[in-house]
Amino acid sequence: MTQPLARPNALANWLLAVASLVFLMVIVGGITRLTESGLSITEWKPITGTIPPLTEADWQEAFRKYQQIPEYQLINQGMSLADFKFIFFWEWVHRLLGRVIGLAFALPLLWFAAKRAIPQGYAPRLVALLALGGLQGTIGWWMVASGLVDRTDVSHYRLATHLLTALFILAGLVWTALDLKALARDPKAQPARLTGFSIAVAVVLAIQLLFGAYTAGLNAGLASSDWPLMNAATGTFLPQPSIEGSAFHVLTNDPFVIHFVHRWWAWVAVIALVLLARRVKAVGARPVSIAIHSSFGIQILLGIATVMTHVNITLAVLHQAVGAVVVAATVWGMHILGRRPIS
């Protein structure tokens, strides 16, 4: 039951708006990675960092700090100030959007709490989402810090943590919004539950997303521009590992192996999502089934096109964006299956 002042539909719309901002953040994050912009800002200043360099002296100081890190010294030696401003822009937008999302969540949450508009039982979940968003900012800096000393890029493990946390936040926002929409329709509605089948689908999809993040972090998309073969010239289907070590080390660090796993585990994810969509359709939610099928279908085509164009930046960004759409559609389907009958 909701208390008299509860406004579940208003909260749901707010959460969906925040989810849209997170979706935009995923896109900007993809651009930041693909343009190699992520290490252009070498400091983390949560408040003063909101303002970019405003004078020529400020820009020269920011550029000087960038020139001290390995990425500049080993890869971008001789970069012009104009080129630096370009990569600085994308990292600055990425961080600024993170701050905007934080305010877009925290301030309305305080307002709803002050108005006692939050339905019973939902406050802890909303606070947890806020805390997770704050943690994401810390993870972002932890990721950047990994590339400032002794490396020319960020740790792909930390990048994967950053991306998967963003997608988990997106999933949490969508799931909670759907719970609140159900509550708005019927005050007796209970939050949906995670079924065993849904958890299995989520695990399969999470593995695919993990290897997608590894692919981005290691530039493994460039390991092959052929499909379905890894090397059409030699007729090679299986990858040729470029590093040595344990099976786990090769699996999580070799660009060729990671690329191979990402392109073929995708079909395991497709099977899982088809099964999810069929179950969703069986309970009468055909539009959700269509959303699941459409999103993963487009994603597969974008993935193949990204490989065959040698990671065209537009296609690669779209591939990451549609990946977030796949997550949202999957959560929608999982929520449908987890809805409880109203007594």
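Residues numbered from 1 in each chain as written. Predicted model: local features only at pLDDT ≥ 70, side-chain atom pairs only at ≥ 80, totals over all residues. Heavy atoms only, no water.

Considerations on the overall build of the protein chain
Along the backbone of the protein chain there are eleven helices and zero strands. The helix and strand sequence of the protein chain, counted from the amino end, reads α-α-α-α-α-α-α-α-α-α-α. In terms of overall dimensions, the protein chain is globule-like: its C-alpha atoms have a radius of gyration of 22 Å, near the 20 Å expected for 343 residues. For the protein chain, the proportion of its 343 residues judged to be buried stands at 48%. Intrachain contacts of the protein chain at a sequence separation of at least 6 include 77% that bridge at least 24 residues. For the protein chain, the computed accessible surface area is about 16800 Å², with 68% contributed by carbon and sulfur atoms. The protein chain carries 24 positive and 15 negative side-chain charges, and their two centres are separated by 21 Å. (Helix = DSSP H or I, 4+ residues; strand = E, 2+ residues; numbered from the N terminus. Rg over C-alpha atoms; globule rule 2.2 N^0.38 Å. Buried < 20%, exposed > 50% of the residue type's maximum accessible area, 1.4 Å probe, protein only. Contact = heavy atoms within 4.5 Å. Areas by Shrake-Rupley, 256 points an atom, 1.4 Å probe, with all protein chains shown as cover. Lys, Arg positive; Asp, Glu negative; His and termini not counted. Charge placed at Lys NZ, Arg CZ, Asp CG, Glu CD.)

Description of the packing of aromatic side chains
Per the stated rule, a full pass over the model turns up 16 aromatic pairs. Among the aromatic residues, those joined into a cluster by ring pairs are Trp59, Phe63, Tyr66, Tyr72, Phe84 and Phe88. Against the face of Phe197 rests Arg279, its NZ or CZ located 3.8 Å from the ring centre. (Phe/Tyr/Trp six-rings, centres within 6.5 Å; stacked < 30°, edge-to-face > 60°. Lys NZ or Arg CZ within 6 Å of the ring centre and 35° of its normal.)

Here we look at the pattern of salt bridges
For the structure shown, the criterion picks out seven salt bridges. Among the salt bridges present, the one from Glu36 reaches Arg33, with a minimum N-O distance of 3.9 Å. Take Glu36: its relative accessible area is 31%, and that puts it in the partly exposed class. Linking Glu91 and Arg95 is a salt bridge whose minimum nitrogen-to-oxygen distance equals 2.8 Å. Of this pair, Glu91 and Arg95 both sit in helix 4 (residues 81-114), four residues apart, roughly one helical turn. According to the relative accessible area criterion, Glu91 is buried, its value standing at 4%. (Salt bridge = Lys/Arg side-chain N within 4 Å of Asp/Glu carboxyl O.)

Observations regarding unusual backbone geometry
Here Trp227 and Pro228 are connected by a cis peptide whose omega angle stands at 5°. With respect to the helices and strands, the residue Pro228 is situated in the loop between helix 7 (196-217) and helix 8 (247-253). Even without glycine at this site, Arg116 takes up a positive phi of about 55°. Relative to the assigned elements, Arg116 resides in the loop between helix 4 and helix 5 (123-145). Notably, Asn219 is not glycine yet its phi reads approximately 55°, a positive angle. By secondary structure assignment, the location of Asn219 is in the loop between helix 7 and helix 8.

Considering helix 9 (residues 255-282)
Helix length check: helix 9, at 28 residues, gives a terminal C-alpha distance of 40 Å against a target of 40 Å (1.5 Å per residue), a fit within 8%. Looking one or two residues beyond helix 9, the residue adopting positive phi is Gly284, at roughly 95°. (Expected span 1.5 Å × (residues − 1).)

Side note on helix 6 (residues 156-185)
What sets the pattern is the α-helix's 3.6 residues per turn: residues three or four places apart point alike. Counted at 1.5 Å a residue, the expected span for helix 6 with its 30 residues is 44 Å, and the 43 Å between its end C-alpha atoms agrees. Among the 30 residues that make up helix 6, 22 are buried, leaving the element largely enclosed by the rest of the structure. The N-cap of helix 6, judged by a side-chain oxygen 3.2 Å from the amide nitrogen of Tyr157 a few residues on, is Ser155. (Polar contact = N/O pair within 3.5 Å; in protein donor to acceptor, adjacent residues only side chain to side chain.)

Observations concerning the packing of helix 6 against helix 7
Axis separation between helix 6 and helix 7 bottoms out at 8 Å; the angle between their running directions is 135°. The orientation of helix 6 relative to helix 7 falls into the category oblique. Read as a crossing pair, helix 6 and helix 7 show a hand that is right-handed. Residue-level contacts link His156, Tyr157, Leu159, Ala160, Leu163, Leu164 and Leu167 of helix 6 to Ala206, Leu209, Leu210, Ala213, Tyr214, Ala216 and Gly217 of helix 7. (Axes fitted to C-alpha atoms, helices over the stretch in contact; angles between N-to-C directions. Parallel < 35°, antiparallel > 145°, perpendicular 65-115°, else oblique. Left-handed = near helix turned anticlockwise from the far one by under 90°.)

Here we look at the side chain of Glu71
Along the polypeptide, Glu71 turns up in helix 3 (residues 70-74). It turns out Glu71 is buried and unbridged, and the closest side chain with the opposite charge, Arg33, is 6.3 Å from it. Among all residues touching Glu71, those that are not within four sequence positions of it are Glu36, Leu39, Tyr66, Asn76, Arg151 and Thr152.

Remarks on the packing of helix 10 (residues 286-308) against helix 11 (residues 313-338)
Their axes nearest at 8 Å, the elements helix 10 and helix 11 cross at an angle of 155°. For the element pair helix 10 / helix 11, the angle class is roughly antiparallel. Like other packed secondary-structure pairs, helix 10 and helix 11 cross with a definite hand, here left-handed. Judged by residue contacts, Val288, Ala291, Ile292, Ser295, Phe296, Ile298, Gln299, Leu302, Gly303, Ala305 and Thr306 of helix 10 engage Leu315, Ala316, Leu318, His319, Val322, Gly323, Val325, Val326, Ala329, Trp332, Gly333 and Ile336 from helix 11.

Here we look at the environment of Val174
If you trace the backbone, Val174 turns up in helix 6. Residue classification places Val174 among the buried positions, given a relative accessible area of 11%. In this structure the C-alpha to C-alpha distance between Val174 and Ala19, which are 155 residues apart in sequence, comes to 6.8 Å. Residue contacts for Val174: discarding those within four places in its chain leaves Ala19, Ala328 and Val331.

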